[in-house]
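Structural description and commentary
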2 protein chains.
Amino acid sequence: MLQNIMLIIAYDGTNYCGWQKQKNGITVQELIEKSCQKIFKAKVRVVGSSRTDSGVHADYQVVSIIVETSITIENIPLVFNKTLPHDIVVREAKLVPMEFHPIKDTKYKAYKYCILNSKTRQPKLNNYTYFYHNELDVEVMKQAAKHFLGTHDFRAFCSSKTVTQTTVRTIFEINIESEKNNIISIYVKGDGFLHNMVRIIVGTLVKVGEKKIDKNEIRNIIESKERKKAGPTAPPEGLTLEYVSYE
Amino acid sequence: MLQNIMLIIAYDGTNYCGWQKQKNGITVQELIEKSCQKIFKAKVRVVGSSRTDSGVHADYQVVSIIVETSITIENIPLVFNKTLPHDIVVREAKLVPMEFHPIKDTKYKAYKYCILNSKTRQPKLNNYTYFYHNELDVEVMKQAAKHFLGTHDFRAFCSSKTVTQTTVRTIFEINIESEKNNIISIYVKGDGFLHNMVRIIVGTLVKVGEKKIDKNEIRNIIESKERKKAGPTAPPEGLTLEYVSYE
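The rules behind each value
- Residues numbered from 1 in each chain as written.
- Chains lettered and ligands numbered in written order.
- Predicted model: local features only at pLDDT ≥ 70, side-chain atom pairs only at ≥ 80, totals over all residues.
- Heavy atoms only, no water.
- Helix = DSSP H or I, 4+ residues; strand = E, 2+ residues; numbered from the N terminus.
- Rg over C-alpha atoms; globule rule 2.2 N^0.38 Å.
- Buried < 20%, exposed > 50% of the residue type's maximum accessible area, 1.4 Å probe, protein only.
- Contact = heavy atoms within 4.5 Å.
- Areas by Shrake-Rupley, 256 points an atom, 1.4 Å probe, with all protein chains shown as cover.
- Lys, Arg positive; Asp, Glu negative; His and termini not counted.
- Charge placed at Lys NZ, Arg CZ, Asp CG, Glu CD.
- Salt bridge = Lys/Arg side-chain N within 4 Å of Asp/Glu carboxyl O.
- Domains from an automatic or database assignment.
- Buried area = accessible area lost by both parts, 1.4 Å probe.
- Arc of directions from axis to C-beta.
- Polar contact = N/O pair within 3.5 Å; in protein donor to acceptor, adjacent residues only side chain to side chain.
- Least-squares fit on C-alpha atoms with pLDDT ≥ 70 in both.
- Expected span 1.5 Å × (residues − 1).
- Axes fitted to C-alpha atoms, helices over the stretch in contact; angles between N-to-C directions.
- Parallel < 35°, antiparallel > 145°, perpendicular 65-115°, else oblique.
- Left-handed = near helix turned anticlockwise from the far one by under 90°.
- Nonpolar A, V, L, I, M, F, W, Y, C, P; charged D, E, K, R; others polar.
- Pairing = 2+ DSSP bridges.

**Description of the overall build of chain A**
Scanning chain A for helices and strands turns up five helices and 10 strands. For 247 residues, the compact-globule estimate of 2.2 N^0.38 gives 18 Å, and the C-alpha radius of gyration of chain A, at 19 Å, lies within 12% of that figure. Each principal axis of the C-alpha atoms in chain A carries an extent, and together these give about 60 × 40 × 30 Å. A total of 247 residues make up chain A; the buried ones form 53% of that total. Of all intrachain contacts in chain A linking residues separated by at least 6 positions in sequence, the fraction that spans at least 24 positions is 71%. Split by element, the accessible area of chain A, about 12,000 Å² in all, is 48% carbon and sulfur. Both charge centroids of chain A, one from 35 positive and one from 27 negative side chains, sit 5 Å from each other.

**Some points on the pattern of salt bridges**
Under the counting rule described, the total for this entry stands at 24 salt bridges over all chains. Between D137 of chain A and K211 of chain A there is a salt bridge, and its shortest N-O distance comes to 3.2 Å. One end of the pair, D137 of chain A, is in the loop between strand 6 (130-132) and helix 3 (138-145); the other, K211 of chain A, is in the loop between helix 4 (197-209) and helix 5 (217-224), with 74 residues separating them in the sequence. Judged by its relative accessible area of 56%, K211 of chain A falls in the exposed class. As a salt-bridge pair, K225 of chain B and D153 of chain B come within 3.9 Å of each other at their nearest N and O atoms. With K225 of chain B in the loop between helix 5 (217-224) and strand 10 (239-245) and D153 of chain B in strand 7 (residues 150-153), the pair connects residues that are 72 residues apart, well separated along the chain. K225 of chain B sits in the partly exposed class, given a relative accessible area of 42%.

**Considering the domain arrangement of chain A**
All names here are of chain A. Domain annotation for chain A reports domain 1 (3-96) and domain 2 (108-245). Centre-to-centre, using C-alpha coordinates, domain 1 lies 27 Å away from domain 2. Counting from both sides, the interface comprises 15 residues of domain 1 and, opposite them, 15 residues of domain 2. Note on domain 1 versus domain 2: buried area summed over both sides is about 1,200 Å², and carbon and sulfur give 51% of it.

**Comments concerning helix 2 (residues 76-83) of chain A**
Residues and elements named next belong to chain A. Considered for burial, the residues of helix 2 that qualify are I76, P77 and F80. For helix 2, the arc enclosing every buried residue in end-on projection is 95 degrees, short of the 170-degree limit, so these residues lie on one face. Looking at helix 2, the residues exposed on the side facing more than 90 degrees away from the buried face are L78 and K82.

**As for the side chain of N126 of chain B**
Mapped onto the elements, N126 of chain B comes out in the loop between strand 5 (108-117) and strand 6 (130-132). A distance of 2.8 Å separates the side chain of N126 of chain B from the backbone oxygen of H86 of chain A, its partner in a polar contact. Residues contacting N126 of chain B, with those up to four places away along its chain left out, are H86 and D87 of chain A together with R121 and E237 of chain B.

**Topic: the interface of chain A and chain B**
At the junction of the two partners, chain A supplies 18 residues and chain B supplies 18 residues. When chain A packs against chain B, close to 1,500 Å² is buried across both sides, 60% of that on carbon and sulfur atoms. The largest contributions to the chain A side of the interface with chain B come from R121, P123 and K124 of chain A, which together make up 41% of the buried area. The interface formed by chain A and chain B holds zero salt bridges in total. Taken together, the links from chain A to chain B amount to six residue pairs in polar contact (both at pLDDT 80 or more).

**Here's the deal with the relation of the copies chain A and chain B**
Mapping chain A onto chain B leaves a residual RMSD of 0.0 Å; the transformation is a rotation of 180 degrees accompanied by 0.0 Å of translation along its axis. Here the transformation between the copies is reduced to the relation of a two-fold axis. Interface residue correspondence from chain A to chain B reaches 100%, placing this contact among same-surface, isologous pairings.

**Structural notes on helix 4 (residues 197-209) of chain B**
Residues and elements named next belong to chain B. Look at helix 4: 18 Å from first C-alpha to last across 13 residues, which is about the 18 Å you get at 1.5 Å a residue. Across the 13 residues that make up helix 4, a large majority, 12, are buried. Among the residues of helix 4, those classed as buried are M197, V198, R199, I200, I201, V202, G203, T204, L205, V206, V208 and G209.

**A short note on the packing of helix 3 (residues 138-145) of chain B against helix 4 of chain B**
Residue and element names in this part refer to chain B. In contact at an axis separation of 8 Å, helix 3 and helix 4 are set at 130 degrees when each is read in the N-to-C sense. As far as their axial angle goes, helix 4 and helix 3 are oblique. Here helix 3 and helix 4 pass one another in a crossing that is right-handed. Along its contact with helix 3, which presents V140, M141, A144 and A145, the element helix 4 presents L205, V206, V208 and G209. Considered class by class, the residues forming the contact of helix 3 with helix 4 number seven nonpolar, one polar and no charged.

**Remarks on unusual backbone geometry**
Backbone geometry at N181 of chain A places phi at a positive 60 degrees, although glycine is not the residue there. In this fold, N181 of chain A is placed in the loop between strand 8 (168-178) and strand 9 (183-190). With relative accessibility at 47%, the residue N181 of chain A sits in the partly exposed group. You will see that N182 of chain B, though not glycine, has its phi angle at about 65 degrees, which is positive. Mapping N182 of chain B onto the fold places it in the loop between strand 8 (168-178) and strand 9 (183-190). For N182 of chain B, a relative accessible area of 44% translates into the label partly exposed.

**Observations concerning the pairing of strand 5 of chain B**
Residue and element names in this part refer to chain B. The element strand 5 is extensively covered by neighbouring structure, given that eight of its 10 residues are classed as buried. Of the pairings in the sheet, the one linking strand 5 to strand 9 comprises eight bridges and is antiparallel in character. If you follow I115 over to strand 9, its bridge partner there is I184. Bridging between strand 5 and strand 6 involves three bridges; their strand directions are parallel. Across the sheet, I115 pairs through a bridge with Y130, a residue of strand 6.

**Things to note about the environment of E173 of chain B**
Residue and element names in this part refer to chain B. The residue E173 is located in strand 8 in this model. Along the chain, E173 and I66 lie 107 residues apart, while their C-alpha atoms are 33 Å from each other. The contact partners of E173, leaving out residues within four places of it in the chain, are L149, Y187, V188 and K189. In terms of polar contacts, E173 uses its side chain to reach the side chain of N175, at 3.0 Å.

Next comes the structure, spelled out in structure tokens:
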């Protein structure tokens, strides 16, 4: 009997060309598919909630696979983790209704972006933070961030090649914190994100923190709907998919 | 005029065969020497305070180089960091007396070891923690750790191939903490450490935490002076050289 199994997976994106299968390099989706082939002796379609880019990490990516298997649901993570490389981990598996779809049924997603704002690098953080040398004013960044809250057309905050039905998205929460060791973290929760949206929001907030963009300019940038008015796309290594909710 | 320059360096040891130059692979010492060659146009002897092993990290390794240069001391880190790969960083440089020696003048050293004690890996921590699946009792480990304090012959806690004048060392401090995200950290401060000493202490404390070695057995293991009575050598990736003091 076919079952729909939800896998909660985590990965270090450093060595992968992102989530989605492609010709240019190894991706996480591809390795999960290969594991499925070994485990279930069948070609399985692996659907992920989020197409994370090359170098982007995930602590909580939601995946669904429809398979027929006698392996108990409790043992599914163990079986996967034996076939996967150590930088991809199945944290949890659960049975979900056959009609569950990890993209269409999403209620909200949360991402966290980490900036190392310091004069010198911390080598162990190279793959997990955006090293930014110039001093950033976190208070001003916090004030600017408020303008992203709510429902807006985020056309100015997505990569210009984005093809999508609508560029309207809702941001429920955006929190900026000064953490220890010169880390600035930016947590963003929304109903969905356009391609590069979090990284362009971060790149823009960094320019605000440096006083190169005024904090009240954010509203105008959003209204302009022009990609070139926003800041640069912050690099992928600082970004982690934190959570995907279906409730 | 020749000057003795102290460099405080940090590195991610993942991709290196440790500190000391060797034939089998690239080491940190070798890359610092190559940078010196480029910067000072001379062969410079690079002396480090600690010979960290392959895969071990440093947040604060102390290095001395004796060179003649017109570069100001303030600019030395900048110049080095332009020639070094991003996983090795010169944090600071200062002029020290010609007779200063980073090994002989050490007053104490501190290491931190991180264990991820969890049912599943956290991929972003793979290179920086010892993933240990079985549950560890941190309270029992804390009690056992006290037996390491003070001056002892640590022959049972060094790799059996160690050749040294004396295996007597003094441990000033050993702190074990349960941190967030299932991390257990072990901080050890001593006047010096034998080869693999911190990693064997950790490997032994892990066996205590698992109740495979009794917490009161530590004293007997030390007194036995037999390597085989102690626990296994914990893997390198959990270990970071935290500090070296000369005062």
